[in-house]
Amino acid sequence: MTNPAPKARSGRVADLWPLVHAERAALAGDLVDLTDEQWATPSLCAGLTVREVLAHLTAGASLNGVRWLAGVIRCRFDFDKQVAMRLAEQLGTTAAETHDRFRRIITSTTKPPLPVIAMLGETIVHAEDIRRPLGIHYDYPIETLTRVADYYQSSDLVVAAKRRIAGLRLVATDGPFTTGSGPLVSGTTLALVMATTGRSVYCDELDGDGVEILRDRRDMT
């Protein structure tokens, strides 16, 4: 049976921005003392380094609907080109500048035409794209992770999360999240969120008959 109350746990928009800001601040703090080599580490986001993913987060927090649309038109509706262009705008000339630019948008409420919960999901997923390859452990609040999991189980906006988990039953072992029916996929809420968004390395932390099905769907768009 599908989780009956995702909207109730997602909360009001006004309650979500403080969560986005808290996760940005925590990530900025974790990256203060990185070496140049660490900044150049490949992230879990295919083709991007740790530094480039951080610039991507900065771009998302600096881009309102009007600028987003202008960029889409400029790039002739090539959305990947638009993402690359905005990333380059925020990268800066040094890793220190990349970090400083991210710190300046920690409390921003600027966003592309996306719901705030999608911004929270982007922040957490990309933060983990950065932290995991660097070996940085961070304890995400379970309430925050549950809100993000609830969002992804019902949406394909930004990433094909809903389609990726279709026909599977997801059960968190550390919180209240559960959704779907079919072969079981169980594990921590963080591992479920990351696997749902196509980060197949997290499938190694999951259990159940549905894990390999989910792993095989990692490239779904």
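Every value quoted in this text rests on a predicted model; they were computed, and no experiment measured them. (Residues numbered from 1 in each chain as written. Predicted model: local features only at pLDDT ≥ 70, side-chain atom pairs only at ≥ 80, totals over all residues. Heavy atoms only, no water.)

S.K.: Got a minute to help me understand the packing of helix α9 (residues 142-152) against helix α11 (residues 189-196) in this structure?
M.R.: Between two packed helices, the angle of one axis relative to the other and the distance separating the axes together describe the packing. Two numbers describe how α9 lies on α11: the axes approach to 9 Å, and their chain directions differ by 30 degrees. Looking at the two axes, α9 sits roughly parallel to α11. As for how α9 packs across α11, the hand of that crossing is left-handed. Where α9 abuts α11, its residues I142, L145, T146, V148, A149 and Y152 lie against T189, L190, V193 and T196. Taken together, the residues that form the contact of α9 with α11 break down as seven nonpolar, three polar and no charged. (Axes fitted to C-alpha atoms, helices over the stretch in contact; angles between N-to-C directions. Helix = DSSP H or I, 4+ residues; strand = E, 2+ residues; numbered from the N terminus. Parallel < 35°, antiparallel > 145°, perpendicular 65-115°, else oblique. Left-handed = near helix turned anticlockwise from the far one by under 90°. Contact = heavy atoms within 4.5 Å. Nonpolar A, V, L, I, M, F, W, Y, C, P; charged D, E, K, R; others polar.)

S.K.: Can you walk me through the pairing of strand β1 (residues 169-172) in this structure?
M.R.: Put simply, side chains in a regular strand alternate between the two faces of the sheet. Burial along β1 is one-sided: the face carrying L170 and A172 is buried and the face carrying R169 and V171 is not. Bridge count for β1 against strand β3 (residues 184-187) is four bridges, and the pairing is parallel. Each residue of the ladder has a partner; that of A172, found in β3, is G187. Where β1 and strand β2 (residues 178-179) come together, two bridges link them in antiparallel fashion. If you follow L170 over to β2, its bridge partner there is T179. (Buried < 20%, exposed > 50% of the residue type's maximum accessible area, 1.4 Å probe, protein only. Pairing = 2+ DSSP bridges.)

S.K.: Just to check I follow, could you spell out the environment of E128 for this structure?
M.R.: Note that E128 resides in helix α8 (residues 116-134). Through-space distance from the C-alpha of E128 to that of M194 is 8.2 Å; in sequence the pair is 66 residues apart.

S.K.: What's the story with empty space enclosed by the protein in this structure? I'm lost.
M.R.: The probe, sized like a water molecule, is rolled over the atoms to show the empty space still left. The final tally for this structure, using the stated rule, is one cavity of 30 Å³ or more. Approximately 30 Å³ is the volume attributed to the largest cavity. What lines the largest cavity is simply A149, Y152, Q153, L170, F177, L192, V193 and T196. Of all the secondary structure elements, the ones that give two or more residues to the lining of the largest cavity are α9 and α11. Residue classes in the lining of the largest cavity are distributed as six nonpolar, two polar and no charged. (1 Å grid on protein atoms, 1.4 Å probe; cavity = no way out; pocket = protein on both sides within 12 Å on 5 of 7 lines; lining within 4 Å. Points joined across faces, edges and corners; volume = space filled by probe spheres on them.)

S.K.: Honestly, the pattern of salt bridges in this entry has me stumped. Any pointers?
M.R.: Side chains that carry opposite charge are capable of pairing whenever their charged atoms lie near each other. Applying the stated criterion to the full structure yields eight salt bridges. The closest approach of N and O atoms between E89 and R86, which form a salt bridge, is 2.9 Å. One end of the pair, E89, and the other, R86, are both in helix α6 (residues 79-91), three residues apart, so they sit about a helical turn from each other. When its relative accessible area of 9% is taken as the criterion, R86 is described as buried. The closest approach of N and O atoms between R199 and D129, which form a salt bridge, is 2.7 Å. In this pair, R199 is assigned in the loop between α11 and α12 (211-216) and D129 in helix α8, connecting sequence segments 70 residues apart. Of the two residues, R199 and D129, neither departs from the other in class, the shared state being buried. (Salt bridge = Lys/Arg side-chain N within 4 Å of Asp/Glu carboxyl O.)

S.K.: Would you explain the sheet that holds β1 in this entry?
M.R.: The strands making up a sheet associate through backbone hydrogen bonding, with each pair oriented either parallel or antiparallel. In space, the three strands of this open sheet follow the order β2-β1-β3, with mixed pairing throughout. One side of each edge strand has no neighbouring strand; the edge strands of this open sheet are β2 and β3.

S.K.: What is the right way to look at the confidence of the model for the protein in this model?
M.R.: Detailed reading of the predicted coordinates is not advisable wherever pLDDT is low. Looking at the protein as a whole, the pLDDT averages 90, with 88% of positions reaching at least 70. Ignoring residues within four places in sequence, the model shows residues 1-8, a span with pLDDT below 50, making 14 contacts including any to other chains. (pLDDT = per-residue confidence, 0-100.)

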